[in-house]
Amino acid sequence: MIRINDILDKVAETNPEADLDIIDRAYIFSARVHDGQTRLSGEPYLMHPLEVAGLLADMNLDPVSIAAGLLHDVVEDTHASPEEIETIFGREVQHIVSGVTKISKLPFSSSQARQAESLRKMLLAMADDIRVVLIKLADRLHNMRTLQFHKESKQKLIAQETLDIYAPIAARLGIYWMKNELENSSFKYLMPDEYDRIKERVIADIKEREAYIEEVKGIIHEKMDAHQMKSEVLGRYKNYYSVYQKMVSQNLAFEDVYDIIAFRIILDTIPQCYEALGIVHSLWKPIDIKFKDYIARPKPNMYQSLHTTVIGPRGERVEIQIRTHDMDQVAKSGIAAHWHYKEGGEIDENVSKRFAWIQNLVDNQENIGNPDEFLENVRIDLYPDEVYVFTPHGEVKTLPKGATPVDFAFMIHTEVGNQCTGAKVNGRMVPLSHELVTGDTVDIITSKNHYPSKDWLNFVKTVKARSRIRQWIKTQEKNRSLTLGREMCEKAFRKHRLNFHTLLKSPEMPAVVEHFGFKSTDDLIASVGYGKTTPLQVVRRFLPKMDDAEEDIPRDSILNRLMGRVKKKPAKTEILVKGLDDILIRFGKCCQPVPGDPIIGYITRGYGVTVHRANCVNALKMSPERQIEVAWTEENKETYPVKILVISYDRVGLLADIATIISKSDANIVSVNTSTKENQMVESYLTLAVSSTAHLNRVLSSLRKIHMVQDVRRLNV
C-alpha cells in the first residue's frame, strides 16, 4: 500500500528542486473530496489516485503531472468543478485533469458512442499535452490490477478496450513495460484458459530455463570482458500474450516458440554496440532475416537497439538485443525518458517532432461521426508495424505494414488519391492492391476524369485513404437519395393537393427542417430518400390537423420502395427493427451474428434489412445513412451458424473428441473441414449451430480443454 510520503520521497530523489507543495496540496484536496468513497474492493477510493500518482513518480514525471494524477477523478466522481481545480492548482493542472476526465454526463445513443467520444476527447487533449495520456495509462494500469473485483462481463469489456486501445498507445509511446503488463492482464481476462496453459508451460521447466539463462549470460560476459568492454547482460522471459500471439500468427506449438527467453547486452557507446554484434555473430551463427538495426533507423517512438537471432548453445535459437544505457532508458520509459520542460512550459521541440503521429491520429479522426467507425480507425492508426517507401523525388514516406499504392496516393494528396488509376513500384506496373515494402519507390499514375472505387475499401490500410473513399461514396449516395427523396415527396404532397416545389420556398420550410433536426432542406429530402424519414411526416408539418393514424401507415411501404419493393413475405426472426414491423430480415454471411453480439442493421435495396455484428469490417464500409437500429428479442429459441477454428497436434481420435465435446455442449455441427500441415498440426474449420454468444463461449472453453488442442477461436468469415 503506497503512501503520499513514498511518492514525495521518489520525486525528491530524482528531482531535488521539484515543487513538492503542489503534490502535497493535491493529495489533501483529493483526500477531502473522495472522503467516504470506496472502491469495489472495499478499500478507500483515495488508494486509487495514490497508486496512479505512484506510477507517474516511477516514470520520473514532473510535479504537475503527479498532482494531476492525484486529482484525475475528482471532477468525474466528486462535487469538485474544473473552475475550482483551476483556482487552487492553476490552469495547467486543470487542463490535464479535464483531458483525462471521461464524458459521462452527456446523453449518448449507446455506451459505444460514449466510449468513442471519451476517447476522441482524450486524443485531442493528448495532442495538446502528452501528459494526459500518460496519466490515463497509469489510471488504466491500476484499474487492470484490480479488475478481479468487477463482474465477468465488465472484466471482458474493459480488458478488450485495454488490448485494443491502451496497450497499443503504450507501445507507440515506447513504454514497453506498461504495454507488456496491460497485454498480459487483458489476456488473462479475455482468454483465461490459454493464459493459464502458457503460464503453466513456462513455469513447468523454469529451473532448466534459469540454468540456460545463466549459461548464456556467462558466455557473453566472458567474451565482452575479453575485448575490454564493460557490459551488463540481462535475460528475460517473453510475456505470455506475446508467446500466444506468436503461436497463433505463425501456427506454432509452444515448444516451437524459440524466443521465450531473450537476452539484452547494455554497453556505454554506439560503436561498442556494433562491436558487440560482431562478437556475438562470431560466437554463434546468425539467422540473416532476423537482424534489425533500430540504431541507424529508430522506431517512431524513439526506440533504438540492435536485434539479432542466433543459433546459440544446445542448438536453440536465441534472440539478443544490443543497446546503450541511454537507449535502454528510452526502451523502458519511452517518451517519459525525454520529459524535459523549458522555463516557458513548452515541451522539447525534438520530442514533439518525434511524436507528430499523435497529431496525425487526431487529424484522421476529426470528421468521423459514427462511433464504430471511429473506434475501428483508432485501432488501425495505433497499428505499430510500419514500412518506409520513397516518392520519385526521393522523399521518404511512412505507411502502415500492408499499405498499398492507393494509401500512398492519398498520403500525397486527396486529389492524387481520388484520380489514381495505376501505380509503378520500382519502375514496374503493379495492381493497386499491391502491398508495399520498405525501400520501394512508388510513382502514382492519375487521370482527371477518374474517381475512387468502392472496391478500394477491401485493401486500403490507412485511415486517411479509407475516410476519403467513404466520403466520396457518401456524396454519391446522397445525390441518389436526393433524387429519390424529391420524387417521393412530390407524390406525397400531390396526394394532399399541395405543391411541393412551392412549399420548398415558403417561410414555413426552415422551421420544418429544424423540427426534424437537419441543417438544410437537402439534408431533409435526402433523409426521405434514405428511408429514415417518411414523406408523410414532412407533409404533416404543413397539415397539422392530419389524423395521427395516417402518420403510421406507410413507413414500411416507403422503406420497401427504397429497397426495390421487397415482395417476399418476411420470415419470422428474433430481431426487432426500430420503428418497423413485419420487415424482411437477413443476417450478414460475412460475420454471422448470434444473440449476445452487438449488432447493427443496414437497409439493403431489394433485401430488407441486413443484420451485421457491430464490429464487422463490411458493415463499417457501408454508408452510415443506411444504418438502422436493431436489437435481439428477449425470447430467443433459434440457433445460428458460427464458424470456428480448432488448431491442435495430430493424434488418433482427435476429431471424435471434438465432436463429443460439441455434442455434450448442446451444439450441433453443421459442417467440418480438417487438414494436416507438414508440421503435424491439424487445422479444423467447423460451422456450429449455437443459440447465443454465451453458448458459443461455453463450447469454445470446453474445446480448449481437449488434450493437445493449442488454440480455439471464432472466425470472422
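A. Fine view of the pattern of salt bridges. All chains considered together, the criterion is met by 18 salt bridges. Of the charged contacts, one joins Glu 194 and Arg 704 as a salt bridge, the two residues approaching to 2.4 Å between their closest N and O atoms. With Glu 194 in helix α12 (residues 192-204) and Arg 704 in helix α31 (residues 693-704), this residue pair connects regions lying 510 residues apart in the sequence. The same class applies to Glu 194 as to Arg 704, namely buried.

B. Examining the sheet that holds strand β19 (residues 668-676) more closely. Read across the sheet, four strands follow the order β19-β20-β18-β21 without closing on themselves; strand pairing throughout is antiparallel. Since the sheet does not close on itself, it has two edges, and those belong to β19 and β21 (709-714), each with one partner. Pairwise comparison of adjacent strand axes, ignoring direction, gives a mean angle of 15° for this sheet. Each of β18 (640-649), β20 (681-690) and β21 is contacted by α31, which is oriented at about 170° to β21, the strand it contacts most.

C. Highlighting the environment of Ile 279. Positionally, Ile 279 belongs in helix α15 (residues 270-283). Here the alpha-carbon distance between Ile 279 and Lys 223, two residues 56 residues apart in the chain, equals 7.4 Å. Leave out the neighbours within four places in its chain, and Ile 279 touches Lys 223, Met 224, His 227 and Met 229.

D. Layout of the nonpolar core. Residues Ile 7, Val 93, Leu 137 and Leu 182 are the most contacted members of the largest nonpolar core, which totals 71 residues. Sequence-distant contacts of Ile 7, that is, excluding residues within four places in its chain, are made with Ile 2, Leu 50, Ala 53, Gly 54, Ala 57 and Ile 66. If you look at the next biggest cluster of nonpolar residues, it comprises 29 residues, including Trp 632, Ile 644, Val 646 and Leu 696.

E. Quick peek at the pairing of β18. Of all 10 residues making up β18, seven are buried, and the element is well covered by its neighbours. Two elements, β18 and β20, share 10 bridges in a ladder whose sense is antiparallel. Pairing of Leu 645 across the sheet is with Tyr 685, part of β20. One ladder, built from five bridges, connects β18 with β21; its direction is antiparallel.

F. Focus on unusual backbone geometry. Residues other than glycine seldom take positive phi values, yet Gln 228 does so here, at roughly 55°. Turning to its location among the elements, Gln 228 is positioned in the loop between α13 (206-226) and β1 (232-237). According to the relative accessible area criterion, Gln 228 is exposed, its value standing at 69%. If you check the backbone angles, Asp 666 has positive phi at about 65° while not being a glycine.

G. Structural view of helix α4 (residues 63-71). Most of α4 is tucked away: nine of the nine residues are buried. All buried positions along α4 are accounted for by Pro 63, Val 64, Ser 65, Ile 66, Ala 67, Ala 68, Gly 69, Leu 70 and Leu 71.

Scoring rules and cut-offs
- Note that residues are indexed from 1 along each chain, following the sequence as it is written.
- Thresholds applied to this predicted model are a pLDDT of at least 70 for local features of residues and 80 or more for the giving and counting of side-chain atom pairs; totals over whole chains, interfaces and linings are not thresholded and use all residues.
- Only hydrogens and water are removed before side-chain values are computed, so all heavy atoms of the structure are retained for them.
- When a carboxyl oxygen of Asp or Glu is within 4 Å of a side-chain nitrogen of Lys or Arg, the pair counts as a salt bridge.
- Helix and strand definitions here come from DSSP, where helices need a minimum of 4 consecutive H or I residues and strands a minimum of 2 consecutive E residues; each element is numbered from the N-terminal end.
- Buried residues are those whose accessible area, probed at 1.4 Å on protein chains only, stays under 20% of the maximum for their type, while exposed residues exceed 50% and partly exposed ones sit between those limits.
- For two strands to be treated as a pair, DSSP must find no fewer than two bridges joining them.
- Interaxial angles span 0 to 180 degrees and are taken between N-to-C directions of axes, which are lines fitted to C-alpha atoms, for helices over the stretch in contact.
- Throughout, a residue-residue contact means that at least one pair of heavy atoms, one from each residue, lies within 4.5 Å.
- Nonpolar cores are built from buried Ala, Val, Leu, Ile, Met, Phe, Trp, Tyr and Cys residues. Side-chain atoms within 4.5 Å join them into one set.

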